[in-house]
Amino acid sequence: MRSLSIKLILAFLIISLTVVMIVALFIGQRMRPEFGKFVLNRYKIDLISTLTEYYKGSNSWEGISVILVRDKTGHWRHWGRIWVPVTLIDANRVVVYGGKYYEEGEKVSKNVVNNGVPVDIEGKTVGWLLFDSLENISGPMLELPEMNFLKRINGVIVFSALIAALTALLLGVLLARNISRPVRELTAATKIIAKGELGHQVPVRTKDELGELASSFNKMSSDLEQSNKLRHQMTTNIAHDLRTPLSVILGYTEALSDGKLEGKSEVYDVIHREAQHLGYLIDDLRTLSLADAGELSLNRRYVSPYKLLKRTASAYMTQTKKQDIILEVKASEDLPKIEIDPDRMTQVLGNLVNNALRYTQKGGQIILSAKYYPVSVKGKNNTIHLKIHDNGAGIDPKDLPHIFERFYRGDKSRKQKEGETGLGLAIAKSIVEAHGGTISVKSTLGKGTTFKISLPL
């Protein structure tokens, strides 16, 4: 049995039948004794009135069996003989009419009559009645009108149980189809994606767990499509970035080999720079591959945020002076130390400062800052925030969501500068996340850009 719908229908049917049977049995078991009590209570009232009138008329209990036995429509019988579900005892505690448990002429104890209903005439007790139960009756007793009524009630219960079971089956079919429908759609969608049609979406019909599953599937499908596009784009970019320096190197070496170009220091410098660019690109790709595999090694130790920023500023001091840009560190020296790989984090900060220098005009400013947010600050639990702010050209809002993607360039026509691989921000993000932190960016065109690195303590 492979169909989920059939399994659900059978499950609903079995559960409903089980519940209906339990309820029917419970009602049947409880109804029989309760109905017997009802019949005896009515019989008790009528019988006491009849017995009182009889004793007043005859002043004795002789011949009482005539009125105790019911008429033809329903004699009380037990095992083939007439039986009244009552025992009549006279004032001397002698059984006048025996019921199920006593014989006529038998004298009973005071405890027995204490459990009976007294028959009083003008304040004087002339006898007692002991009533039997109607439980566990059989034989001719089953032909009594009360028993026939009880049979009809049981029939109604059985019929109601069948109707309830059929209703449960119908509802089970509807519910099973509604529940299995999203599953069937997801199954079909997975087969479509397996054929290579990434990005396929399924309708989200509910807000329950199945709806969440459909939403998660749609997000996964969209992410797969986006990842596939990025992978294709990355492959194209890698091929392009590898081809450019290789073409230059091959062109120069062929010209040198054919004697069309004279070997000079300038020629060798060009070949050397292009080979260096290839080396940078290979190193960056290796770093990213290690980060993707979760194998990026980190040599962690406790470092002062202030000293980390000063180290980065010192490395770029000459370049900032050359470009007439102010590079400033604004951080307290007594900030809590962070456990990081200083070389890796310096690489991150270096990439960000290098980007800032690239887009900040002469006379501009780059500020490196650090701030500590203790546990008491809501939403910023015990973290150090490192910020790299510049007042340069800024980033186009449409490019902001993509700047950490590999080989992404906002300005497609911009030529890469020497040593630039287009992987700097992607590597920065991978290194920060490997430290358990996050990196984000805010930017306004014409006013500048701020990169923020949040690192846990």
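Residues numbered from 1 in each chain as written. Predicted model: local features only at pLDDT ≥ 70, side-chain atom pairs only at ≥ 80, totals over all residues. Heavy atoms only, no water.

Some remarks on the pattern of salt bridges
1) Next: The full count for this structure, using the stated rule, is three salt bridges.
2) Next: Salt-bridge contacts for Glu185 lead to Arg181; the nearest nitrogen and oxygen are separated by 3.7 Å. You can see Glu185 and its partner Arg181 sitting in helix H4 (residues 145-194), four residues apart, about one turn around the helix.
3) Next: With relative accessibility at 18%, the residue Glu185 sits in the buried group.
4) Next: Here Arg181 falls in the partly exposed class, since its relative accessible area comes to 38%. (Salt bridge = Lys/Arg side-chain N within 4 Å of Asp/Glu carboxyl O. Helix = DSSP H or I, 4+ residues; strand = E, 2+ residues; numbered from the N terminus. Buried < 20%, exposed > 50% of the residue type's maximum accessible area, 1.4 Å probe, protein only.)

Considering the sheet that holds strand S3 (residues 86-90)
1) Next: Spatial strand order, S4-S3-S6-S5: four strands in an open sheet with antiparallel pairing. A single partner strand is all that each edge strand has here, and the edge strands are strand S4 (95-97) and strand S5 (117-121). The sheet shows a mean angle of 35 degrees between the axes of neighbouring strands, direction not considered.
2) Next: Two elements, S5 and strand S6 (residues 124-131), share five bridges in a ladder whose sense is antiparallel. Within S6, the residue paired with Asp120 across the bridge is Thr125. (Pairing = 2+ DSSP bridges. Axes fitted to C-alpha atoms, helices over the stretch in contact; angles between N-to-C directions.)

Focus on the environment of Leu8
1) Next: With respect to the helices, strands and loops of the structure, Leu8 is situated in helix H1 (residues 4-58).
2) Next: A C-alpha to C-alpha distance of 5.5 Å links Leu8 and Ala176, two positions 168 residues apart in sequence.
3) Next: For Leu8, the contacting residues outside a window of four places in its chain are Ala176 and Ile179. (Contact = heavy atoms within 4.5 Å.)

Concerning the packing of helix H7 (residues 305-315) against helix H9 (residues 342-359)
Helix packing for two helices is described by the angle between their axes and how far apart those axes are.
1) Next: Viewed as axis vectors pointing N to C, H7 and H9 meet at an angle of 55 degrees, and their least axial separation amounts to 10 Å. With respect to their mutual orientation, H7 and H9 come out oblique. When you trace H7 past H9, the crossing you get is right-handed. Contact residues: H7 offers Leu308, Leu309, Arg311 and Thr312, while H9 offers Pro342, Asp343, Met345, Thr346, Leu349, Gly350 and Val353.
2) Next: Class assignment of the residues belonging to the contact of H7 with H9 gives a composition of six nonpolar, three polar and two charged. (Parallel < 35°, antiparallel > 145°, perpendicular 65-115°, else oblique. Left-handed = near helix turned anticlockwise from the far one by under 90°. Nonpolar A, V, L, I, M, F, W, Y, C, P; charged D, E, K, R; others polar.)

Some words on the environment of Glu328
1) Next: One can find Glu328 in strand S8 (residues 326-330).
2) Next: Given a relative accessible area of 30%, Glu328 falls into the partly exposed group.
3) Next: Sequence spacing of Glu328 and Gln365 is 37 residues, and the spatial spacing of their C-alpha atoms is 7.7 Å.
4) Next: If near-sequence neighbours (up to four positions away) are discounted, Glu328 is found in contact with Gln365, Ile366, Ile367 and Leu368.

Digging into the sheet that holds S8
Note: strands within a sheet are paired through backbone hydrogen bonds, in either parallel or antiparallel orientation.
1) Next: The five strands are arranged S8-S10-S11-S13-S12 in an open sheet whose pairing can be described as mixed. Each edge of the open sheet carries a strand with a single partner, namely S8 and strand S12 (438-444). Strand-to-strand twist across the sheet, computed as the mean angle between neighbouring axes with direction ignored, equals 15 degrees.
2) Next: Sheet analysis places S12 next to strand S13 (residues 448-456), joined by seven bridges and oriented antiparallel. Its bridge partner being in S13, Thr444 is matched across the sheet by Gly448.

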